[in-house]
Structure formats: C-alpha cells, structure tokens
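Below, each chain spelled out in residue letters.
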Amino acid sequence: MKIIHEIYDIKEQIKKWKKEGLSIGFVPTMGFLHEGHASLIKTASKENDKVIVSVFVNPLQFGPTEDYSDYPRDIDHDSKICRENGASLIFNPSPKTMYGDKNYTHVNVDTLTNKLCGFSRPGHFQGVCTVITKFFNILSPDKAYFGEKDAQQLAVIKRMVKDLNFDIEIIGCPIIREKDGLAKSSRNTYLDNKGRQAALVLNKSLKSAHNLLESGEKDLSKVKKLIKNNIEKEPLATIDYIEIVDSLTLQPVYKIEDPILVAIAVYINNKVRLIDNFTFKIKQVK
Ligand code: PAF
C-alpha cells in the first residue's frame, strides 16, 4: 500500500487523479484500523474511483489528561486493512507536517459541541473540526465517510460542511459490532477480560431501551431510567452520560417527533471510556 507523508506529494497525486476525471472518497482515521474502519473503506471504494485513508492521531482533539501518547498505532496492520478493502493510498502526515510548530487557527462548531462527548471532552470537537477542515482543503474529496458510532462527530461534521459550504458529501456508515454486540473501537484493546465482559452493558442497555421504544413508550425519562438502571447493575461501569437528543441538532428532546439519538458514554474500570448509540424514528402510520 502506497503511503504518502507530505502535503505537497498528496496534492500532486490528487491533481493527477482530478485531471483524469476520477472521483475521490476520503476515510479519515486515527489508525489502528478495525472492521469498523474496514467497512468505511469498503463502502468508499464501491462509490469512488480512488480512496484515500488518512492515518493521523490528531493531537488537537485530545485533552491534557487523555490517551494521546498511549493511543494504539500500527501502520503495517493499517496498510494491510487498507489494501484488503480497496483503498488507493494512505495519507500519514506527522503532527509537524499538519500543524508546523504551532497552529493558530481553529474551527469551532458551537451549540452542537458543548454537550454529550463535548461536555466531558472540552476542546475535542474543535480539534476534530480543525483537522477535518485541513484534510478537506488538502485532499478535496468528493465524498467523506464517518462511522455512526461517533454520532455526535457525524452530526457536527455535517453541520460544519453545511455552514462552511464545503462541496463534499458526508456519508454516515452503520456501527460495526463484535458478535456479542460490543461496538468496534480502537479503545476496546485497553479492556482486560473482566472489563471486556463488563463493556457489554452498553449495547445491552441500549437494546432494552430500543425494545421499550418499539413497544410504544413515549416517556423518554422512562427510557433514560431503564438505561441508567441497567448500567448501574454492572459494578465495573460508571456512567459519563445518557442523553436523548434530536439526531441532527443534538438538542434535548422530550417528545419523539423527528428521529431521536439515544447516546451513552460509560467508563469501564474508571479508565476506558466507551460510547454507543442508536437512532430511533417513529414508524409513519399510513
Ligand atoms: O473518528 C476519528 O477517528 C477521528 O475523530 C477523526 C475523524 C479521524 C479525526 O481525527
């Protein structure tokens, strides 16, 4: 798999592709790729002539006490996943290439970013929006692919693209899960055996909430309570948040009208923070 590290080189490659009239799909990642990323790459390669996967652990989106330096990295493994799923090349810049000695310009989407993960990770989405804006400017893709597991990130990026008039289609791809329901995440590698078992509480509690909604429950406080009770039964789990919000604006909702996002973040063993979610829409009765 071809790996490009420099902005000048990738821009030259893109110029050639554009001259030939080829479409470009972009899959941004922080590496340590798993089946979730593989499905984004596979979808992108079905829908575009060329697919660029960025592998860049973005320092701007990590808080001072977060896992930036420990974040798992394995470019050989990433190359294999990219090759097997139809990527054309990997863009793997260094932090210095992306930000020089210091980055003075930041992109901030307000309102959507101060709740859910944004509340417990201040500055996180500013870091994400800044790096994604830079990638969009460097790579000029036609389409960019994001996982629905990071539902807030997807909503924020869609809003940013609309507000800043990027001519890029943002595609959300479904959550990929382990056989037992745990959402795939690079951070799952931090879990020990007991933690791995405890982490199943995320998907299980969301499933029971989904069943309750399917059965016709309209009182969203009951749905939240059910999730809370389920998670609290797991001794290794600590709730960061349980939120039910409008799936596009991320504003709290008290009635189900437009599609709602039920999203949770849970610490396992007080240190591994995992997220999961589902979107629910009332079936239209004809
Ligand atoms: O979802 C991620 O892995 C990151 O937030 C992203 C989109 C690659 C930006 O660094």
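Treat the numbers as computed from the prediction; the structure is a model and nothing was measured.

Caption draft 1: Structural context of the UniProt feature "binding site: beta-alanine" (unreviewed entry) in the protein. When the UniProt feature table is mapped to this numbering, "binding site: beta-alanine" (unreviewed entry) covers Gln-61. Assignment of secondary structure puts Gln-61 in the loop between strand E3 (50-55) and helix H3 (75-84). With relative accessibility at 9%, the residue Gln-61 sits in the buried group. Excluding residues that lie within four positions of it along the chain, Gln-61 makes contacts with Met-30, Glu-66, Arg-121, His-124, Gly-127, Val-128 and Val-131.

Caption draft 2: Summary view of the site of the ligand. Surveying the vicinity of the ligand reveals the residues Pro-28, Thr-29, Met-30, Asn-58, Gln-61, Val-128, Val-131, Ile-132 and Gln-153. Here Gln-61 contributes a side-chain N or O atom positioned 2.6 Å from an oxygen atom of the ligand. The side chain of Gln-153 places a nitrogen or oxygen atom 2.7 Å from an oxygen atom of the ligand. With the chains in place, 89% of the 290 Å² that the ligand exposes on its own is no longer accessible. Elements with a minimum of two residues in the shell around the ligand: strand E2 (24-29) and helix H6 (124-139). No other element matches the 3 residues that H6 contributes to the shell around the ligand. Taken together, the residues that form the shell around the ligand break down as 5 nonpolar, 4 polar and no charged.

Caption draft 3: Molecular detail of the side chain of Glu-234. Along the polypeptide, Glu-234 turns up in the loop between helix H10 (220-232) and strand E7 (237-246). Look at Glu-234: it is buried, it has no salt bridge, and the nearest opposite charge is Lys-204 at 7.6 Å. Setting aside residues up to four positions removed in sequence, Glu-234 forms contacts with Ala-198 and Val-201.

Caption draft 4: Local environment of the pairing of E3. Among the 6 residues in E3, 5 count as buried, and that is most of the element. Read from E2 through helix H2 (residues 35-47) to E3, the crossover connection turns out right-handed. Pairing of E3 with strand E4 (residues 89-91) involves 3 bridges; the strand directions are parallel. Looking across to E4, one finds that Val-53 is bridged to Ile-90. In the classification by handedness, the crossover that spans E3, the intervening H3 and the parallel E4 is right-handed.

Caption draft 5: Helix H1 (residues 7-19), seen in detail. If you check H1, its first and last C-alpha atoms are 18 Å apart, about what 13 residues at 1.5 Å a residue would give, namely 18 Å. What H1 keeps buried is the set Ile-10, Gln-13, Ile-14 and Trp-17. All buried residues of H1 fall inside an arc of 100° around its axis, so they share one side. Turned more than 90 degrees away from the buried face of H1 sit Tyr-8, Lys-15, Lys-16 and Lys-19, all of them exposed.

Caption draft 6: Examining the UniProt feature "binding site: (R)-pantoate" (unreviewed entry) in the protein more closely. Those residues carrying the UniProt feature "binding site: (R)-pantoate" (unreviewed entry) are Gln-61 and Gln-153 in this numbering. Spanning 93 residues, the annotated positions come together in the fold, the maximum distance between their C-alpha atoms being 11.6 Å. Within the structure, Gln-61 has its side chain in polar contact with the side chain of Asn-58 (distance 2.9 Å). Among the structural elements, Gln-153 can be located in helix H7 (residues 151-163). You can call Gln-153 buried: its relative accessible area is 17%. In this view, Gln-153 contacts Phe-125, Val-128 and Phe-146; residues no more than four positions away in its chain are not counted.

Caption draft 7: Region of interest: the sheet that holds E7. Pairing within the open sheet is antiparallel, and its 3 strands lie in the order E7-E8-E9. Each edge of the open sheet is held by one strand with a lone partner, namely E7 and strand E9 (272-280). Strand-to-strand twist in this sheet, taken as the mean axis angle between neighbours without regard to direction, amounts to 15°. Strand direction decides the pairing type here: strand E8 (residues 260-268) and E9, joined by 9 bridges, are antiparallel. Considered in E9, the bridge of Val-266 is made with Leu-274. Together, E7 and E8 form the strand contacts of H10, whose direction differs from that of E7 by roughly 160°.

Caption draft 8: Representation of the packing of helix H9 (residues 200-214) against H10. H10 packs onto H9 with a crossing angle of 150° between their chain directions and a minimal axis gap of 9 Å. By the angle between their directions, the pair H9 and H10 is classed as roughly antiparallel. The handedness of the crossing between H9 and H10 is right-handed. Contacts from Val-201, Ser-205, Leu-206, Ser-208, Ala-209, Leu-212 and Leu-213 of H9 reach H10 at Leu-220, Lys-222, Val-223, Leu-226, Ile-227, Asn-230 and Ile-231. Partitioned by chemical class, the residues of the contact of H9 with H10 number 10 nonpolar, 3 polar and 1 charged.

Parameters and conventions
- Counting restarts for each chain, with residues numbered from 1 along the sequence as it is written.
- Local features in this predicted model are restricted to residues of pLDDT 70 or higher, and side-chain atom pairs are both shown and tallied only at a pLDDT of 80 or more, whereas totals for entire chains, interfaces and linings draw on every residue.
- Think of the side-chain values as coming from all heavy atoms in the structure, minus any hydrogens and water.
- UniProt positions are given in the numbering used here, feature names are shortened, and annotations may be inferred rather than shown by experiment.
- Numbering goes from the N terminus for both helices and strands, where a helix is a DSSP run of H or I of at least four residues and a strand is a run of E of at least two.
- Note on classification: 1.4 Å probe, protein chains only; a residue is buried when its accessible area is under 20% of the maximum for its type, exposed when over 50%, partly exposed between these limits.
- Note on contacts: a residue pair is in contact if any heavy atoms of the two residues lie within 4.5 Å.
- Any residue with a non-hydrogen atom lying within 4 Å of a molecule or strand is treated as near it.
- Polar contact is the term for a pair of N or O atoms within 3.5 Å; when the atoms are in protein, one must be able to donate a hydrogen and the other to accept it, and sequence-neighboring residues count only if both atoms are side-chain atoms.
- All accessibility values rest on the Shrake-Rupley procedure with a 1.4 Å probe; residue burial counts only the protein chains present in the view.
- Three categories are distinguished: nonpolar for Ala, Val, Leu, Ile, Met, Phe, Trp, Tyr, Cys and Pro, charged for Asp, Glu, Lys and Arg, and polar for the others, with Gly belonging to the last.
- His is not counted, nor are the chain ends, whereas Lys and Arg count as positive and Asp and Glu as negative.
- A pairing counts as a salt bridge when a side-chain nitrogen of Lys or Arg comes within 4 Å of a carboxyl oxygen of Asp or Glu.
- Crossover handedness is defined here as right-handed if the route from the first strand over the helix to the second strand goes clockwise, with the strands pointing away from the viewer.
- In this analysis, strands are considered paired if DSSP registers two or more bridges between them.
- Under the convention used throughout, the expected extent of a helix is 1.5 Å for every residue step, that is, one less than its residue count.
- Throughout, the arc means the angular range of directions from the helix axis out to the C-beta atoms.
- What counts as an axis is a line fitted to C-alpha atoms, over the stretch in contact for a helix, and the angles between N-to-C directions run from 0 to 180 degrees.
- Here the word oblique covers every angle except those under 35 degrees (roughly parallel), over 145 (roughly antiparallel) and from 65 to 115 (roughly perpendicular).
- Note on convention: near helix rotated counterclockwise from far helix by under a right angle means a left-handed crossing. Clockwise means right-handed.

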